[in-house]
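What follows is the residue order along each chain.
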Amino acid sequence: MFKIIKTSPLAADIQKIIIEAPKIPPKHKPGQFLILRLDEFGERIPLTIFSSDPETGTVTVIVQGIGKTSKTLNKMQAGQYIKDVAGPLGIPSKVEKVGTVVVMGGGLGTAVAYPTAKALKDAGNYIISIIGYRTYNLVMLEGEMMAMSDECYITTDDGSYGINGYCTAKLHDLIETGTKIDLVHTAGPLPMMRATANVTRPYNIHTVASLNPIMVDGTGMCGGCRVTVDGKIAFVCVDGPEFDAHKVDFDNLMKRNQAYQKFEKSVDIDHTCNLEKVFE
């Protein structure tokens, strides 16, 4: 059993949750994730490790209430217990000094992008963060991203805060106005990551995407997170979660994710990433 130490709201239906899991922090590196199960009858869900603290033996995750499990988790309070927490899982982010790095965070993807961005900053890179949200009440981690960025831009689809438009449009503007970019890291909805790859591909800018498909066991056995990369099959849980975005077959991955929607929706959900409309 794993004790919840603290919970705090970040935005609409989004909670920051600190969990006692002493075996994870000593081995955790940026880019990795964990899989948890609330009770013995619950489903397993993957969550990126936002941060960890070896001294307190805790891990922090950012959870958006979308399905039954995430909504239930977001209602839990400090002092309650989670049945299983397994991690750290996945291959850590490749962190090295390359020059100027643009970090793209779309919605909850900002929580995925942050630990890698911080590690890249600590490695001596110049960090430009572009974080995008559908609307103002979903903006989160603004202070954290600004604190570790040399430049930080916030966009909202509806123009209710920051720059009006998609985060990928700001990336294109930076490239077109002559900003020399050595690496782009993107995390968020699949349409957003696909759009990021489409922006950077003509300029041959190395782009890494942190993928987020359906996962079950997190060990490569179930095949639920199968993805095609450079024409070959990979499993995001053990071969990723980060891949060369220019080599990922996003169309295939999006179709695979959609195939599970009927079974995955254990509560009513009415949300479609706005960028999907661009590619209909």
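Residues numbered from 1 in each chain as written. Predicted model: local features only at pLDDT ≥ 70, side-chain atom pairs only at ≥ 80, totals over all residues. Heavy atoms only, no water.

Peer 1: Can you walk me through helix α1 (residues 68-75) in this structure?
Peer 2: Along an α-helix, residues three or four apart share an orientation, since each turn contains 3.6 residues. Among the residues of α1, those classed as buried are Thr69, Ser70, Leu73 and Asn74. Mapping the buried residues of α1 onto a view down its axis gives an arc of 130°, with all of them on the same face. Turned more than 90 degrees away from the buried face of α1 sit Lys68 and Lys75, all of them exposed. In this structure, the buried side of α1 is in contact with β1 (2-11), β2 (14-20), β3 (33-37), β4 (45-48), β6 (58-64) and β7 (81-82). (Buried < 20%, exposed > 50% of the residue type's maximum accessible area, 1.4 Å probe, protein only. Helix = DSSP H or I, 4+ residues; strand = E, 2+ residues; numbered from the N terminus. Arc of directions from axis to C-beta. Contact = heavy atoms within 4.5 Å.)

Peer 1: I keep staring at unusual backbone geometry and nothing clicks. Help me out?
Peer 2: Among all residues except glycine, the phi angle is most often negative; among peptide bonds, the trans geometry is most common. Here the bond from Gly87 into Pro88 is cis, since omega is -5°, no more than 30 degrees from zero. Examined against the element boundaries, Pro88 turns out to sit in strand β8 (residues 84-89). Phi at Asn204 takes a positive value of approximately 55°, unusual for a residue other than glycine. Structurally, Asn204 can be placed in the loop between α5 (190-200) and β14 (207-210). Under the relative-accessibility criterion, Asn204 is labelled exposed at 68%.

Peer 1: What's the story with the sheet that holds β4 in this structure? I'm lost.
Peer 2: Working definition: the strands of a sheet are paired by backbone hydrogen bonds and lie parallel or antiparallel to each other. Judged by pairing direction, the sheet is antiparallel, and its 3 strands sit side by side in the order β4-β3-β8 without closing on themselves. The outermost strands of the open sheet, each flanked by one partner alone, are β4 and β8. On average, each strand axis in the sheet is tilted by 25° relative to the strand beside it, whichever way the strands run. Where β3 meets β4, 4 bridges bridge the pair, whose relative direction is antiparallel. Looking across to β4, one finds that Leu36 is bridged to Ile45. (Pairing = 2+ DSSP bridges. Axes fitted to C-alpha atoms, helices over the stretch in contact; angles between N-to-C directions.)

Peer 1: Is there a simple way to think about the sheet that holds strand β5 (residues 51-53) in this case?
Peer 2: Spatially, the 5 strands line up as an open sheet ordered β5-β6-β2-β1-β7, and their pairing is antiparallel. The two strands at the open ends of the sheet, each matched to only one other strand, are β5 and β7. Judged from the 2 bridges that link them, β1 and β7 form a sheet pairing that is antiparallel. Each bridged residue has a counterpart across the sheet, and for Phe2 the counterpart in β7 is Ile82. Taken strand by strand, α1 contacts β1, β2, β6 and β7, and its axis lies near 120° from that of β6.

Peer 1: Sorry, what's going on with the confidence of the model for the protein here?
Peer 2: Reading predicted coordinates in detail is not appropriate for stretches of low pLDDT. Summary statistics for the protein give a mean pLDDT of 91 and a share of 92% for residues scoring 70 or more. In this model residues 266-271 is a low-confidence stretch, pLDDT under 50, and it forms 8 contacts with partners more than four residues away in sequence or in other chains. (pLDDT = per-residue confidence, 0-100.)

Peer 1: Is there a simple way to explain the state of the cysteines in this structure?
Peer 2: In a disulfide, the sulfur atoms of two cysteines are held together by a covalent bond. In the structure shown here, the tally under the stated rule is 0 disulfides. For Cys222, which is in no disulfide, the shortest distance to another cysteine sulfur is to Cys225 and amounts to 5.9 Å. Its relative accessible area of 41% is what places Cys222 among the partly exposed residues. (Disulfide = S-S within 2.5 Å.)

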